[in-house]
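Structure assessment
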Amino acid sequence: MPESGSAPAPKPAAPLRTSRFKVPGEGSSATISVVTIALLLAAWFAVTNLGLIKPLFLPSPQAVWQQFVEYLTGAANDKPLWQHFVASLLRVTVAFWAAFVIAVPVGIAMGMSRVARGIFDPPIEFYRPLPPLAYLPLIIIWFGIDELPKVLLIFLACFAPLALAARSGMKSASSEQINAAYSMGASYAQVVRHVILPAALPEILVGMRIAIGFGWTTLVAAEMVAANVGLGQMVLNASNFLRTDIVIMGIIVIGVVAFLFDLFMRWVERRLVPWKGRM
């Protein structure tokens, strides 16, 4: 028995409660995203149906949905939605892959050669911060108002992030990996092919995701150039007649299509570089 007046024995400490996710940012956010979208739609429905905002400034979800159905079925006083979508998709796709084919080798050359870096880095860094509307008049003067200036504007928007991502990726391989390949008898070309390029692939794929987003962002500006079909042209034409319901419908369609492209690129990234984030 403890002596009289002695301090009681300390109680055992309660087990420390921690999250089941040990890595910052770990876990799925799909449920949170769905709840967020549902709350935004509910707020939109409430403020428009209660008359808190005039339809000219923010039409109701029902009005936007009605315009979507009319464009989808061809009942609208315009070309059907699929024609606008196909025209915009072709422009973005051609511009994106043309930029990919040219920008990635340029970025690889910039990462491997100081001469290439000295040649390509100044013009890329010069035009990269410029908004597309700044050099749009010059493109029209040089190339006219056919399809070429539309595709070229999107091409320029996609080119810089692809080139810079490829350049950054060329520095991803560690010196230990490179020296290990040399010690095993690999040549310079083999080191580039089997060590440096696979290490750069995650950065290149991130650059592709950013570039496709920039391409869809530039779509509206590109279709300002005398376009008669396209999602951007549909939005611009509707804004001239204060058809806010069509404007919002077109914005949502462009955003959803760009989001689906991003999901596709994430899937490609998981398939091609499954080791990313695990090393």
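Here's what I pulled together on the structure shown here. Here the structure is a predicted model, which is why all the values come from computation and not from measurement.

What is expected of a backbone is that most residues other than glycine have negative phi and most peptide bonds are trans. Even without a glycine there, the phi angle at leucine 242 is positive, about 55°. If you trace the backbone, leucine 242 turns up in the loop between helix 10 (231-240) and helix 11 (244-272).

Below, the discussion takes up the packing of helix 6 (residues 147-169) against helix 8 (residues 188-217). Contact pair helix 6 / helix 8: the axes reach a minimum separation of 8 Å and the direction vectors enclose 165°. What the angle tells us is that helix 6 and helix 8 run roughly antiparallel. For the element pair helix 6 and helix 8, the recorded crossing hand is right-handed. Taken together, the residues of helix 8 that come into contact with helix 6 (itself represented by Ile154, Ala157, Cys158, Pro161, Leu162, Ala165, Ala166, Ser168 and Gly169) are Ala199, Ala200, Glu203, Ile204, Gly207, Met208, Ile210, Ala211, Phe214 and Gly215.

Inspection of every chain in the model, using the stated rule, returns eight salt bridges. A salt bridge links glutamate 147 to arginine 91; the shortest N-O distance between them is 2.9 Å. Taken together, the positions of glutamate 147 in helix 6 and arginine 91 in helix 3 (residues 81-112) put the pair 56 residues apart, joining distant regions of the chain. Taking the relative accessible area as the measure of exposure, glutamate 147 reaches 39% and is therefore partly exposed. Residue class for arginine 91 comes out buried when judged on its relative accessible area of 4%. Here glutamate 125 and arginine 128 are joined by a salt bridge, their closest N and O atoms 2.9 Å apart. The class for arginine 128 is partly exposed, based on a relative accessible area of 43%.

At their nearest, the axes of helix 1 (residues 30-49) and helix 2 (residues 61-73) sit 9 Å apart, and the two run at 105° to each other. Judged by the inter-axis angle, helix 1 sits roughly perpendicular to helix 2. Contacts from Trp44, Phe45, Thr48 and Asn49 in helix 1 reach Pro61, Gln62 and Val64 in helix 2. In terms of residue class, the contact of helix 1 with helix 2 is built from four nonpolar, three polar and no charged.

Turning our eyes to something else, we now look at the packing of aromatic side chains. Taken as a whole and judged by the stated rule, the model has eight aromatic pairs. Here the aromatic rings of phenylalanine 96 and tryptophan 97 are separated by 5.1 Å at their centres, their planes lie at 75°, and the arrangement is edge-to-face. Its relative accessible area of 4% is what places phenylalanine 96 among the buried residues.

As a further point, take helix 10. For helix 10, every residue scored as buried is listed here: Leu231, Gly232, Gln233, Met234, Val235 and Ala238. Among the structural elements, helix 2, helix 3, helix 8, helix 9 (219-222) and helix 11 are those in contact with the buried residues of helix 10. Among the residues trailing helix 10, leucine 242 stands out with phi positive, at a value near 55°.

Now for the nonpolar core. By size, the foremost hydrophobic cluster in this structure holds 62 residues, and its most contacted members are Phe159, Trp216 and Leu231. Among the elements that line this core, the one with the most residues is helix 8, at twelve residues.

Further remarks concern a nonpolar patch on the surface. Residues Leu50, Leu52, Ile53, Leu56, Phe57 and Leu242 make up a contiguous nonpolar surface patch of roughly 670 Å² in combined accessible area. Mapped onto the elements of the fold, leucine 50 is located in the loop between helix 1 and helix 2.

A separate point is the environment of valine 151. One can find valine 151 in helix 6. Between the C-alpha atoms of valine 151 and serine 88, which are 63 residues apart in sequence, the distance is 9.8 Å. Residue contacts for valine 151: discarding those within four places in its chain leaves Arg91, Val94 and Ala95.

Okay, the side chain of glutamine 67 next. Relative to the helices and strands, glutamine 67 resides in helix 2. For glutamine 67, a relative accessible area of 8% puts it in the buried group. A polar side-chain atom of glutamine 67 sits 3.5 Å from a polar atom in the side chain of aspartate 245. The residues touching glutamine 67, leaving out its near neighbours within four places in the chain, are Arg243, Asp245, Ile246 and Met249.

About the thresholds
- Residues numbered from 1 in each chain as written.
- Predicted model: local features only at pLDDT ≥ 70, side-chain atom pairs only at ≥ 80, totals over all residues.
- Heavy atoms only, no water.
- Helix = DSSP H or I, 4+ residues; strand = E, 2+ residues; numbered from the N terminus.
- Axes fitted to C-alpha atoms, helices over the stretch in contact; angles between N-to-C directions.
- Parallel < 35°, antiparallel > 145°, perpendicular 65-115°, else oblique.
- Left-handed = near helix turned anticlockwise from the far one by under 90°.
- Contact = heavy atoms within 4.5 Å.
- Salt bridge = Lys/Arg side-chain N within 4 Å of Asp/Glu carboxyl O.
- Buried < 20%, exposed > 50% of the residue type's maximum accessible area, 1.4 Å probe, protein only.
- Nonpolar A, V, L, I, M, F, W, Y, C, P; charged D, E, K, R; others polar.
- Phe/Tyr/Trp six-rings, centres within 6.5 Å; stacked < 30°, edge-to-face > 60°.
- Core = buried A, V, L, I, M, F, W, Y, C linked by side-chain atoms within 4.5 Å.
- Patch = residues over 30% accessible without salt bridge, like charges linked within 9 Å, V, L, I, M, F, W, Y side chains within 5 Å.
- Areas by Shrake-Rupley, 256 points an atom, 1.4 Å probe, with all protein chains shown as cover.
- Polar contact = N/O pair within 3.5 Å; in protein donor to acceptor, adjacent residues only side chain to side chain.

Keep in mind that these numbers describe shape and distance, not what the molecule does.
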